[in-house]
Structure formats: structure tokens, C-alpha cells
Amino acid sequence: MTNALPTTNALIVIDVQNDFCPGGALAVKGGDEIVAGINARMADFGAVVLTQDWHPARHSSFASNHSADPFSTIEMPYGPQVLWPTHCVQGTDGAAFHNALNADRADLIIRKGFRPQIDSYSAFFENDQTTPTGLEGYMRNRGLTKLTLVGLATDFCVAYSALDAAKLGFDVTVQIDLCRAIDLDGSLAGMIAQMKAVGVVLA
Ligand code: VGL
Ligand code: ZN
């Protein structure tokens, strides 16, 4: 057989959802510009996984549930937490994937942030850094050891996922031209530095 896709290589597409695209509730500048490039990259991988931010309306990461301002920070039992505009509420159009994303190619769609009391930026662990999403087991069971991450947002869900994947011993690349950032108070530079420090390849 020729052109076999590398069976150890997975593309993980982080949160390419309407609420993170222009016009959405937590719009990331240029969020929609990466969709065509992500679809094209899918052909290079033996596995494609999509993540989907998937919050109940009463989620503790929503500023509206604290009568606080969006983008302010509060102390949660697990540490500081940014409060966000209400976004990616389960079953809403905002939580749906961008309609041009080739979701049909996905082997797995992993949802995160569904527990009301814990946010989950990373595709591997929730923000308490201990509650697993199950994605590590899926990757190991399929022998997927080389992970390439793309999507939204570079400095939150992509970076947290990349840091956790590196910590778990996966070989991790973030394809930065297929990501877009929120960049809250220097968060982009900070997270890029952290990713480099743990050996994540920024391609
Ligand atoms: C995200 C903030 C809140 C992300 C998700 O996908 O980067 N950021 N929820
Ligand atoms: Zn969220």
C-alpha cells in the first residue's frame, strides 16, 4: 500500500467553534482564517481529533454567573480563573464547529468544560490539573505518540493542551500559523515561552 498515513501521528484541532470565530461570543481575531488550512492538513495524519468547548449555562467560568466583569480573574479552589463572556453553551450554535471545518474527518470529538465547577482549557486535564478528560488513554491505546496541535486559542486551550501533552511524554508540535490568539495581558508571549521551555516544537 502506498501513501499510508503515519499511524503514530495525530492532528488535534482545538475548539474551532463559532463562538471563537468573528461574530461569536468570545471571538478570536482571525479565528475563521485557519479553517481551510486545518482541513488541508488533515490529509497528512493517521488520526484526527477535534476538541469542543462544551459548557453548561451555569458554568463557573462565566462572568455572568459571578456578577463580575468579563476578563477579570477570580480565585477558584484550584487556583486563579479568568472569567469569560458566556460562550460555547452546550447545544447552542455558538458551541457548534465552524461550518466549513471538515468535522466528518474526525475519528474522535472530545468535549471539555462540561463540569460546572471546573474550567478545562486543556484537552488532557481540566484546570485543576488532575481531572483527566480521557484523551491521554485514547492516544496511548491507538499508539498515537506524535501530536500536532492547531486551533483556538493559541494562548489558552492550544497552549494548555500542548503543555499537558509534553508533560505526558508525547512528541508535541504546535503549528502556529494554524492558530489564533486571544492575547490577554501578554498571555500569548507568556504561553509561547512556556511551550518552548518544555520542548514543544512551534512550527
Ligand atoms: C478557550 C477561554 C475559555 C479556548 C475556551 O478555547 O482557548 N478560552 N474557553
Ligand atoms: Zn470555555
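The structure this text deals with has already been given above.
Nothing here was measured: the structure is a model prediction, and the numbers come from that model.

Account for helix 3 (residues 154–167), with residues named and values stated.
Counting buried positions over the 14 residues of helix 3 gives twelve, a clear majority of the element. Those residues of helix 3 not exposed but buried are Thr154, Asp155, Phe156, Cys157, Val158, Ala159, Ser161, Ala162, Leu163, Asp164, Ala165 and Ala166. Phi turns positive one or two residues past the end of helix 3, at Gly169, with a value near 95 degrees.

Account for the coordination of the zinc ion (ligand 2), with residues named and values stated.
Looking at the metal site, the zinc ion (ligand 2) is ligated by Asp53 (OD), His55 (NE2) and His87 (NE2), spaced 2.0 to 2.2 Å from it. For the zinc ion (ligand 2), the four donor atoms in the first shell make angles of 87 to 168 degrees at the metal, a pattern classed as irregular. Mapped onto the sequence, the residues coordinating the zinc ion (ligand 2) show the spacing D-x1-H-x31-H. A residue pair is termed long-range when its members are at least 10 positions apart, and His55 in the loop between strand 2 (47–53) and strand 3 (73–76) and His87 in the loop between strand 4 (79–82) and strand 5 (108–112) qualify at 32 residues. Taking relative accessible area as the criterion, His55 reaches 1% and is therefore assigned buried.

An account of the site of ligand 1 is requested, with residue identities and associated values reported.
Inspection of the region around ligand 1 gives Asp15, Phe20, Leu26, Asp53, Trp84, His87, Leu152, Ala153, Phe156, Cys157 and Ile182 as its neighbouring residues. Between a nitrogen atom of ligand 1 and a side-chain N or O atom of Asp53, the distance comes to 3.1 Å. Backbone polar atom of Ala153 to an oxygen atom of ligand 1: 3.0 Å apart, as the coordinates give it. About the coverage of ligand 1: the protein hides 100% of its 260 Å² of free accessible area. Residue composition of the shell around ligand 1, grouped by class: eight nonpolar, one polar and two charged.

Quick notes on the rules
- Residues numbered from 1 in each chain as written.
- Chains lettered and ligands numbered in written order.
- Predicted model: local features only at pLDDT ≥ 70, side-chain atom pairs only at ≥ 80, totals over all residues.
- Heavy atoms only, no water.
- Buried < 20%, exposed > 50% of the residue type's maximum accessible area, 1.4 Å probe, protein only.
- Helix = DSSP H or I, 4+ residues; strand = E, 2+ residues; numbered from the N terminus.
- Donors = N, O, S within 2.8 Å, 3.2 Å for Na, K, Ca; no water.
- Tetrahedral: all angles 85-135°; square planar, octahedral: opposite > 155°, others 65-115°.
- Near = heavy atom within 4 Å.
- Polar contact = N/O pair within 3.5 Å; in protein donor to acceptor, adjacent residues only side chain to side chain.
- Areas by Shrake-Rupley, 256 points an atom, 1.4 Å probe, with all protein chains shown as cover.
- Nonpolar A, V, L, I, M, F, W, Y, C, P; charged D, E, K, R; others polar.

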